Amino acid sequence: MIKMSCSPDWMSSLPEELWDTPLTELAIPGSHDAMSYCLDINSPLVPSESDCFRILDGLFCCFTRPTIFKWATTQDKSIEEQLSMGIRYFDLRVAHKLKDPSSDLYFTHVIYTHLTVLETLSSVALWLNSHPKEVVILACSHFEGISDELHQSFIFSLKKMFGSKLCPHKVSFPFCGASQTFRSPTLRSLWAAGQQVILSYDSQHPLRHPELWPDIPYWWANQCTAKEVISYLDWNKEQGRPEGFFVCGLNLTADRCFITENLRQSLRTITFSNWECLQGWVEKQTPGSGPQSLNIIAGDFVGPLPLCSLIIALNQKLLRKKSSR
């Protein structure tokens, strides 16, 4: 049996039999709300929060802020550390602060991060330079407070930063006015082109920029126990997998009622207490092209929990399928 490693270069370490397998059929570890490890506890609430919660936060910030921090923090490792642990899909929620005269963008989860978007993605680009056969999927979404002008500036910066590393979703043929859509890049095809970044952009802008991929479906259960999450994911599997990339979210979600009734808990404590059940479910899953196969599997606290090794090991099942043929 060939051992599947979760080293920083696990993709280039995959057996050659998998190099021509579409990335949409591989098991890929992902990070839910990847940048929440650097939330700024003193930053404003994002505009989408309710007026009621905004008033409560203004009056009782000594209570609300530690609570927000406990329940909005989904990761505790930097993006470079997550990359080196094997994470290849990143859920990135991008926003511009209200009344901020600068064009700086930040990541969000209820509040904003310390780090800006461009300095963070520059770190990703540097990491990729040192790992030329690793491929990442960056899923940018939400875009609160971002005008069309800021979108255009951000997209220009992304193109400049990643350059030829970007794998286009479409390639245009100017002489005949046609374009071809790439639905299933493989490791071999990406390596041959020197491409390492699939950039998903959840807005209408991918229609104008062939380098951008449309939003990637994310199965989010919005539940606070592993059993409820698994029930939701199994229901989605019964409906059949989407075409192309998609994400199966293992992340738990606590509503404000649950948080009020469990003041001594945190997202971290409930994630760890539910991990054994989630782990057992993941071990039974299979990547591939079948109607109930999975692709990207994302979770919280990907550093302390053995998510990466668990998901990468699922690719062993693809080898068994190939050998049985």
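Residues numbered from 1 in each chain as written. Predicted model: local features only at pLDDT ≥ 70, side-chain atom pairs only at ≥ 80, totals over all residues. Heavy atoms only, no water.

A. Spatial organisation of the state of the cysteines. Under the criterion given, the structure shown has 0 disulfides. Cysteine 61 takes part in no disulfide bond, and the closest cysteine sulfur to it belongs to cysteine 62, at a distance of 5.7 Å. Under the relative-accessibility criterion, cysteine 61 is labelled partly exposed at 41%. Counting only cysteine sulfurs, cysteine 140 is the nearest neighbor of cysteine 167, a cysteine outside any disulfide, at a range of 15 Å. Classification of cysteine 167 as buried rests on a relative accessible area of 5%. (Disulfide = S-S within 2.5 Å. Buried < 20%, exposed > 50% of the residue type's maximum accessible area, 1.4 Å probe, protein only.)

B. Highlighting the nonpolar core. In this structure, Phe90, Leu92, Val94, Leu121, Leu138, Phe154 and Phe162 are the most contacted members of the largest nonpolar core, which totals 90 residues. Ignoring anything within four residues of it in the chain, the contact list for phenylalanine 90 reads Ser31, Ala34, Ile79, Gln82, Leu83, Val136, Ile137, Leu138 and Ala139. Ranked by size, the runner-up nonpolar core spans 7 residues in total, among them Leu39, Leu45, Phe53 and Ile111. (Core = buried A, V, L, I, M, F, W, Y, C linked by side-chain atoms within 4.5 Å. Contact = heavy atoms within 4.5 Å.)

C. Representation of unusual backbone geometry. Despite not being glycine, phenylalanine 143 has its phi angle at roughly 55°, a positive value. By secondary structure assignment, the location of phenylalanine 143 is in strand β5 (residues 136–144). Positioned with a positive phi, phenylalanine 301 is a non-glycine residue whose angle comes to about 50°. (Helix = DSSP H or I, 4+ residues; strand = E, 2+ residues; numbered from the N terminus.)

D. Structural context of the side chain of lysine 165. Structurally, the position occupied by lysine 165 is in the loop between α5 (148–162) and β6 (170–173). Buried and without a salt bridge, lysine 165 has aspartate 9 as its closest oppositely charged side chain, separated by 13 Å. When neighbours within four sequence positions are excluded, lysine 165 is seen to be in contact with Ala125, Leu128, Asn129, Gly194, Gln195, Gln196 and Val197. (Lys, Arg positive; Asp, Glu negative; His and termini not counted. Salt bridge = Lys/Arg side-chain N within 4 Å of Asp/Glu carboxyl O.)

E. Structural context of the side chain of histidine 32. Considering the arrangement of structural elements, one finds histidine 32 in the loop between β1 (28–31) and α1 (51–59). If we skip the residues at most four places from it in the chain, histidine 32 touches Thr74, Gln75, Asp91, Arg93, Tyr218, Asn251, Ala298, Gly299 and Asp300.

F. Structural view of the packing of helix α4 (residues 117–130) against α5. Where α4 contacts α5, the axes come no closer than 10 Å and their chain directions differ by 20°. Looking at the two axes, α4 sits roughly parallel to α5. As for the relative orientation of α4 and α5, their crossing is right-handed in sense. Taken together, the residues of α5 that come into contact with α4 (itself represented by Val117, Leu118, Leu121, Ser122, Val124, Ala125 and Leu128) are Phe154, Ser157, Leu158, Met161 and Phe162. Residues belonging to the contact of α4 with α5 are distributed by class as follows: 10 nonpolar, 2 polar and no charged. (Axes fitted to C-alpha atoms, helices over the stretch in contact; angles between N-to-C directions. Parallel < 35°, antiparallel > 145°, perpendicular 65-115°, else oblique. Left-handed = near helix turned anticlockwise from the far one by under 90°. Nonpolar A, V, L, I, M, F, W, Y, C, P; charged D, E, K, R; others polar.)

G. Geometry of the environment of histidine 142. Here histidine 142 is to be found in strand β5. The class for histidine 142 is partly exposed, based on a relative accessible area of 46%. Beyond its immediate chain neighbours, meaning those up to four positions away, histidine 142 contacts Arg93 and Val94. Only 2.9 Å separates the side chain of histidine 142 from the side chain of serine 141, close enough to count as a polar contact. (Polar contact = N/O pair within 3.5 Å; in protein donor to acceptor, adjacent residues only side chain to side chain.)

H. Here's a closer look at the pattern of salt bridges. Applying the stated rule across the entire model yields 10 salt bridges. Among the ionic pairs, arginine 93 bridges to aspartate 33, the shortest N-O distance being 3.3 Å. You can see arginine 93 sitting in strand β2 (residues 89–95) and its partner aspartate 33 sitting in the loop between β1 and α1, a full 60 residues away along the chain. For the residue pair arginine 93 and aspartate 33, the accessibility class agrees, reading buried in each case. Here arginine 93 and aspartate 91 are joined by a salt bridge, their closest N and O atoms 3.1 Å apart. Each member of the pair arginine 93 and aspartate 91 is classed as buried. Beyond isolated ion pairs, a larger network of salt bridges with shared partners links Glu16, Asp20 and Arg188.

The values reported here are purely geometric and, on their own, carry no functional implication.
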